[in-house]
2 protein chains.
Amino acid sequence: MLDIKTASQLTIDDMLAARERIAPYIHRTPVLTSSYLNDLTGAELFFKCENFQKAGAFKVRGASNAVFGLSDEMAKRGVATHSSGNHALSLSYAAGRRGIPCHVVMPRTAPEAKKAAVRGYGGIITECEPSTTSREEVFARVQAETGAEFVHPYNDVRVIAGQATCSAELLEQTEGLDAVIAPIGGGGMVSGTCLTLSNLAPGVKIYAAEPEQADDAYRSFKAGHIIADDAPVTVADGLKVPLKENTWHFVSHNVTDILTASEQEIIDAMKLTWQRMKIVIEASCAVPLATILKNRETFVGKRVGVIITGGNVDLDTLPWIK
Amino acid sequence: MLDIKTASQLTIDDMLAARERIAPYIHRTPVLTSSYLNDLTGAELFFKCENFQKAGAFKVRGASNAVFGLSDEMAKRGVATHSSGNHALSLSYAAGRRGIPCHVVMPRTAPEAKKAAVRGYGGIITECEPSTTSREEVFARVQAETGAEFVHPYNDVRVIAGQATCSAELLEQTEGLDAVIAPIGGGGMVSGTCLTLSNLAPGVKIYAAEPEQADDAYRSFKAGHIIADDAPVTVADGLKVPLKENTWHFVSHNVTDILTASEQEIIDAMKLTWQRMKIVIEASCAVPLATILKNRETFVGKRVGVIITGGNVDLDTLPWIK
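The present account deals with the structure reproduced in this document.

Reading guide: rules and limits
Residues numbered from 1 in each chain as written. Chains lettered and ligands numbered in written order. Predicted model: local features only at pLDDT ≥ 70, side-chain atom pairs only at ≥ 80, totals over all residues. Heavy atoms only, no water. Helix = DSSP H or I, 4+ residues; strand = E, 2+ residues; numbered from the N terminus. Rg over C-alpha atoms; globule rule 2.2 N^0.38 Å. Buried < 20%, exposed > 50% of the residue type's maximum accessible area, 1.4 Å probe, protein only. Contact = heavy atoms within 4.5 Å. Areas by Shrake-Rupley, 256 points an atom, 1.4 Å probe, with all protein chains shown as cover. Lys, Arg positive; Asp, Glu negative; His and termini not counted. Charge placed at Lys NZ, Arg CZ, Asp CG, Glu CD. Phe/Tyr/Trp six-rings, centres within 6.5 Å; stacked < 30°, edge-to-face > 60°. Lys NZ or Arg CZ within 6 Å of the ring centre and 35° of its normal. Salt bridge = Lys/Arg side-chain N within 4 Å of Asp/Glu carboxyl O. Pairing = 2+ DSSP bridges. Right-handed = clockwise from strand over helix to strand, strands pointing away.

1. Some thoughts on the overall build of chain A
Here's step 1: On a plain count of helices and strands, chain A comes out with 14 helices and 10 strands.
Here's step 2: Over its C-alpha trace chain A gives a radius of gyration of 18 Å, about what one expects of a compact globule, namely 20 Å for 322 residues.
Here's step 3: Each principal axis of the C-alpha atoms in chain A carries an extent, and together these give about 55 × 45 × 35 Å.
Here's step 4: Across the 322 residues of chain A, 59% fall into the buried class.
Here's step 5: Within chain A, contacts between residues at least 6 apart in sequence are counted, and of these 72% link residues at least 24 apart.
Here's step 6: With an accessible surface of roughly 12,300 Å², chain A has 48% of that area assigned to carbon and sulfur atoms.
Here's step 7: Separation between the mean location of the 32 positive side-chain charges and that of the 37 negative ones in chain A comes to 3 Å.

2. Re the packing of aromatic side chains
Here's step 1: The full count for this structure, using the stated rule, is 11 aromatic pairs over all chains.
Here's step 2: Taking the centre distance of 4.9 Å and the plane angle of 65° together, the rings of Phe-139 of chain A and Phe-150 of chain A count as edge-to-face. One end of the pair, Phe-139 of chain A, is in helix α7 (residues 132-146); the other, Phe-150 of chain A, is in strand β6 (residues 149-150), and 11 residues separate them in sequence.
Here's step 3: On the basis of relative accessibility, which here comes to 7%, the residue Phe-139 of chain A falls in the buried class.
Here's step 4: Given a relative accessible area of 26%, Phe-150 of chain A falls into the partly exposed group.
Here's step 5: With a centroid separation of 6.3 Å and 85° between ring planes, the pair formed by Tyr-93 of chain B and Tyr-121 of chain B is classed as edge-to-face. In this pair, Tyr-93 of chain B sits in helix α5 (residues 86-98) while Tyr-121 of chain B sits in the loop between α6 (112-120) and β5 (124-128), placing the two residues 28 residues apart along the sequence.
Here's step 6: In this structure Tyr-93 of chain B comes out as buried when scored by relative accessible area, which is 9%.
Here's step 7: Judged by relative accessible area, Tyr-121 of chain B falls into the partly exposed class, the value being 26%.
Here's step 8: Aromatic ring contacts, followed pair by pair, group Trp-274 and Trp-320 of chain A together with Trp-274 and Trp-320 of chain B into a single cluster.
Here's step 9: Above the ring of Tyr-36 of chain A, the side-chain terminus of Arg-276 of chain A is found at 3.7 Å from the ring centroid.

3. What about the pattern of salt bridges?
Note that side chains of opposite charge can pair when their charged atoms are close.
Here's step 1: A complete count under the given rule lists 36 salt bridges over all chains for this structure.
Here's step 2: Between Glu-149 of chain A and Arg-158 of chain A there is a salt bridge; the shortest N-O distance is 2.9 Å. The pair Glu-149 of chain A / Arg-158 of chain A is uniform in exposure class, with both members buried.
Here's step 3: For Asp-257 of chain B, the salt bridge goes to Lys-222 of chain B, with nearest N and O atoms at 3.3 Å. With a gap of 35 residues between them, Asp-257 of chain B in strand β9 (residues 257-261) and Lys-222 of chain B in helix α10 (residues 216-223) connect regions that are remote in the sequence.
Here's step 4: One network of salt bridges, with partners in common, ties together Lys-48, Glu-50, Arg-61 and Glu-169 of chain A.

4. Description of the sheet that holds strand β2 (residues 44-49) of chain B
Residues and elements named next belong to chain B.
Here's step 1: Taken in spatial order, the 6 strands line up as β1-β2-β10-β7-β8-β9 in an open sheet, and their pairing is mixed. Either end of the sheet is taken by a strand with one partner, and the two such strands are β1 (31-32) and β9.
Here's step 2: In this sheet, β9 lies alongside strand β8 (residues 205-211) in parallel orientation, the contact comprising 5 bridges. By the bridge assignment, Tyr-207 is partnered in β9 with Asp-257.

5. Let's talk about the pairing of strand β3 (residues 79-82) of chain B
All names here are of chain B.
Here's step 1: Of the two faces of β3, the one holding Val-79 and Thr-81 and the one holding Ala-80 and His-82 are both buried throughout.
Here's step 2: Of the strand pairs in this sheet, β3 and strand β4 (residues 102-107) are connected by 4 bridges, and their pairing is parallel. By the bridge assignment, Val-79 is partnered in β4 with Cys-102.
Here's step 3: Each parallel crossover has a hand, and for β3 linked through α5 to β4 it is right-handed.
Here's step 4: Summarising the sheet, β3 and strand β6 (residues 149-150) pair through 2 bridges and their orientation is parallel. What sits directly across from Val-79, in β6, is Glu-149.

Written out as structure tokens, the structure is:
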């Protein structure tokens, strides 16, 4: 387990330790290319396909690093989180691999499909009312009763060190990158990318891509301090959460720029990726391609790593089918 | 160009020559696995992902072998076919790479999206009325006017030798296969699979998978002679065409069995593949998984190659969304 608590103390050794720790439980995901999308953008794009990752998303890297970094004594009390998305799936998966309980606090109004997915990975759901107050109360009670270790979806150095392993693989799989771009919500993946690239490939530019309708990271980046949105609405539902101090550290120190795209641009990029690359990706991971198409001059002629963060999509309600 | 005309004259050298000939124009597609689907079926499944192939389907193998096997003199008059599916795209793609014209006769009633896709790969469309008589008349006129070489979608030894390269790759990518299963429509992919496996891995069983509602190959196989359906209706729209003499040769000599699945089983297997493997596959390529799920005892404990034939799907009309 990492003894440190703040992002500024993280070093590349934490990423390397995470990599060794989680290797048995995750996939080394492939990097795909598309000559069609290269022609369209004028860039050379290298898609790091975390949609093929265990539990369907990169979040299993950070979750596994947190779970397998626990001492045996801490581990037996289990882990806990409040999330209805990929972090809940990933933490449940990792806890299952270690054979320990994973408690997930979810609003009772969350879609049944999401609850079923968490249960499918062995997570134990405790329902709360759909309000922050209720969530915090219920979560505190679950923690008090179980002694489970809280693993935050992104504002946790163990999680950030785990996410950092993704771009370490990408660097090995793709030579001569000029830039890497990843979607930004809470900033866990972007922070991990910063940790790895700033140490191993400091010349590589780091872009974050965000929905215009949930552009708190963009506005924070321009303002120089964290600004949180109040209940943003976007098709990229993995990207609604705000930055926190540990991810803000990396965003403010290492990110080259944050680019934004409209809802329609995100949906178009998502559909184009499905159509041309034949891969199922979440709306969130289409934001980077949407911003590359929109900011052609920034990327033309460049070798660009594009992190496809996940593939957990509700196939019954696709955003381009009304 | 192959001088031979009938399937019984094809040898493994024809596959090897095809492989060398088409290598610069096609992808060596990856083989993916899914621990979820392995658990579900009790088998070890190795998905050969031709949905990631150039032009989005395995058919580019056969089309490229036909196009690049032409003498310069023949090539300059171009190639021609009648198809509104993946063969038309693939032949257009291959002709474009050789810099020769590709004439495609399509019903004027074909969806605009399919016409646009053929034109996107450089194909020259001549429209006919939606009847066999009109198609044959218009096709004869196009051939007479251009001198273009007819490349049949599957009843052509050059095409079969090209499709045969797919399972040659699969054999190299996956050790110790017990069986290979592929969807069957006209039988081009299955014939190519038979050509390669019967020569290079004669112990590997060869299964063909077919929609119940277009089960002409199944009924032919049981009857011992070709039976053609009259206008079958199935969601697996690549599998509506009947066997012809060259593909019947392989089906009748080398196929272990033909298994069928209902429309709902095909749709469920398609959605399951998208959901769990995060890949976009056509309904046609879900038929093998549907039959594996249905015939558990045949495949349990076996290492099974599953050929995912293509990924060209109309994303606006998915069969599980009404």
